[in-house]
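Okay, here's what each chain looks like letter by letter:
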Amino acid sequence: MEMGKKIYTLRTQKGLTLEELGNMVGVGKSTVRKWENGMIANMKRDKIMKVSEALGTTPEYLMGWDESGGESSFTPKDQRDIAKDLDSIMDKLQSGENGPASYNGETLSPEAAELFREELEIALKRLKIINKEKYTPKKYKK
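All values derive from a computational prediction rather than experimental measurement.

1. Structural notes on the packing of aromatic side chains
Counted under the stated rule, the structure contains zero aromatic pairs. The lysine or arginine in question, Lys6, covers the ring of Tyr61, its NZ or CZ lying 4.5 Å from the ring centre.

Structure, rendered in C-alpha cells:
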C-alpha cells in the first residue's frame, strides 16, 4: 500500500479529520489531502516523523519499508547492531585520517552532523529489512 493510502486509512481509523491531522503535524488540511492523494514527492523527513507519531505508527511503515503495521520488526539484537554500526560510522566520520567530515572544505556543523546521523539511521534500518528479506532462508520466514 502506498504512503498516501496508509495515511488516509490510519487517519480515518483514528477518527481524525484532515484539519485535525494537519494541526497535529503543523500543515493545512489541503496539504494532508495532497499527501493522501499521493502527492508526497517533496514531503520532508520531519513531517513524516510527525505524521507517523500522530497516527501511532512508525516512519518505516509509512515509507513502505516495514509492512507489519507499524510494529517494530527488529529484534533487540537487530537494534543493537544498527546502533553499533551507526556509532561506528559516525566515529569514523568525525575523526577520520584527513580530519572530520566536511563539505566544500568546511567542517560539518553539529546540527548538520545530527541530521546526517538521523538519515543514516533510517538508511541502516532500511538496509537491515532488505537484508533480512534477502538472506533469511525460506524455512525461517513466517
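2. Some remarks on the packing of helix α2 (residues 18–25) against helix α3 (residues 29–36)
Contact geometry of α2 with α3 gives a least axis separation of 8 Å together with a crossing angle of 100°. As summarised for this structure, α2 and α3 are arranged roughly perpendicular, according to the angle between their axes. Together, Leu18, Glu19, Leu21, Gly22 and Val25 of α2 and Lys29, Val32, Arg33, Trp35 and Glu36 of α3 make up the contact between the two elements. Along the lines of polarity and charge, the residues of the contact of α2 with α3 split into five nonpolar, one polar and four charged.

3. A look at the pattern of salt bridges
This model, assessed by the stated rule, comprises seven salt bridges. The salt bridge involving Lys77 is made with Asp81; its shortest N-O contact spans 2.9 Å. Placement of the pair is Lys77 and Asp81 together in helix α6 (residues 76–94), with a separation of four residues, close to one helical turn. Given a relative accessible area of 48%, Lys77 falls into the partly exposed group. A salt bridge links Lys128 to Asp78, with the nearest nitrogen and oxygen atoms 4.0 Å apart. Placement of the pair is Lys128 in helix α7 (residues 110–135) and Asp78 in helix α6, with a sequence separation of 50 residues. Accessibility classification places Lys128 together with Asp78 in one group, the buried group.

4. With respect to α7
If you check α7, its first and last C-alpha atoms are 36 Å apart, about what 26 residues at 1.5 Å a residue would give, namely 38 Å. Of the positions making up α7, those classed as buried are Ala113, Leu120, Leu124, Lys128 and Ile129. Contacts from the buried residues of α7 go to α6.

Thresholds applied
- Residues numbered from 1 in each chain as written.
- Predicted model: local features only at pLDDT ≥ 70, side-chain atom pairs only at ≥ 80, totals over all residues.
- Heavy atoms only, no water.
- Phe/Tyr/Trp six-rings, centres within 6.5 Å; stacked < 30°, edge-to-face > 60°.
- Lys NZ or Arg CZ within 6 Å of the ring centre and 35° of its normal.
- Axes fitted to C-alpha atoms, helices over the stretch in contact; angles between N-to-C directions.
- Helix = DSSP H or I, 4+ residues; strand = E, 2+ residues; numbered from the N terminus.
- Parallel < 35°, antiparallel > 145°, perpendicular 65-115°, else oblique.
- Contact = heavy atoms within 4.5 Å.
- Nonpolar A, V, L, I, M, F, W, Y, C, P; charged D, E, K, R; others polar.
- Salt bridge = Lys/Arg side-chain N within 4 Å of Asp/Glu carboxyl O.
- Buried < 20%, exposed > 50% of the residue type's maximum accessible area, 1.4 Å probe, protein only.
- Expected span 1.5 Å × (residues − 1).

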